[in-house]
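Understanding the architecture of this molecule
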Amino acid sequence: MSKRARGSIVPFAAAGVVTVLLLSLLLGVIGGALVVHRQVRAAADLAALAGASAVQHGHDACDAADHSASLNDVTLMDCEIEGQVVTVRVSRLAPRMFGRDVVVRAIARAGPQ
């Protein structure tokens, strides 16, 4: 091995480490976004179910849906009642991704069939 070739692997190893770190960061951001999306969808489902249950018991569906949404850290944007079917729209501000605010929204519907 010549003196000139000695240590030539260091830049390649450094580039490999940086690439792996950047890919890990990207996967972490995408994974975090998916987790928030699933949480918001679940919160929408729960709010719609709470509203539908309230209708069945003669209570205000939108108040029940709003209460359920707030317990699950989402904001109730809209609540519609059609007979005994309740449709809700919720949102939550997700952690900043790549310097941008991200709002995650979900719609859910519940009631007897």
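Structure report, in brief. Bear in mind that the values here come from a model prediction, so they are computed numbers and not experimental data. (Residues numbered from 1 in each chain as written. Predicted model: local features only at pLDDT ≥ 70, side-chain atom pairs only at ≥ 80, totals over all residues. Heavy atoms only, no water.)

Considering the sheet that holds strand E1 (residues 75–82)
Spatially, the three strands line up as an open sheet ordered E1-E2-E3, and their pairing is antiparallel. Bordering the open sheet on either side are E1 and strand E3 (100–110), each of which pairs with just one other strand. Here the strands of the sheet are splayed against their neighbours by 15° on average, with no regard to which way each runs. Sheet topology places strand E2 (residues 85–97) next to E3; 10 bridges connect them, and they run antiparallel. The residue bridging Val90 from the neighbouring strand is Ala106, located in E3. With respect to the sheet, helix H1 (residues 9–56) is in contact with E1, E2 and E3, its orientation differing from that of E2 by roughly 155°. Here helix H2 (residues 61–71) sits on the sheet and contacts E1 and E2; the angle it forms with E1, its principal contact strand, is near 150°. (Pairing = 2+ DSSP bridges. Helix = DSSP H or I, 4+ residues; strand = E, 2+ residues; numbered from the N terminus. Axes fitted to C-alpha atoms, helices over the stretch in contact; angles between N-to-C directions. Contact = heavy atoms within 4.5 Å.)

Considerations on the state of the cysteines
Within the structure shown, the criterion is met by one disulfide. A sulfur-sulfur separation of 2.2 Å characterises the disulfide bridge that pairs Cys62 with Cys79. Note on the Cys62 and Cys79 pair: the S-S dihedral is about -90°, so by sign convention the disulfide is left-handed. Here Cys79 lies in strand E1 and Cys62 lies in helix H2, a separation of 17 residues in the sequence. Given the relative accessible area of 22%, Cys62 is considered partly exposed. (Disulfide = S-S within 2.5 Å. Buried < 20%, exposed > 50% of the residue type's maximum accessible area, 1.4 Å probe, protein only.)

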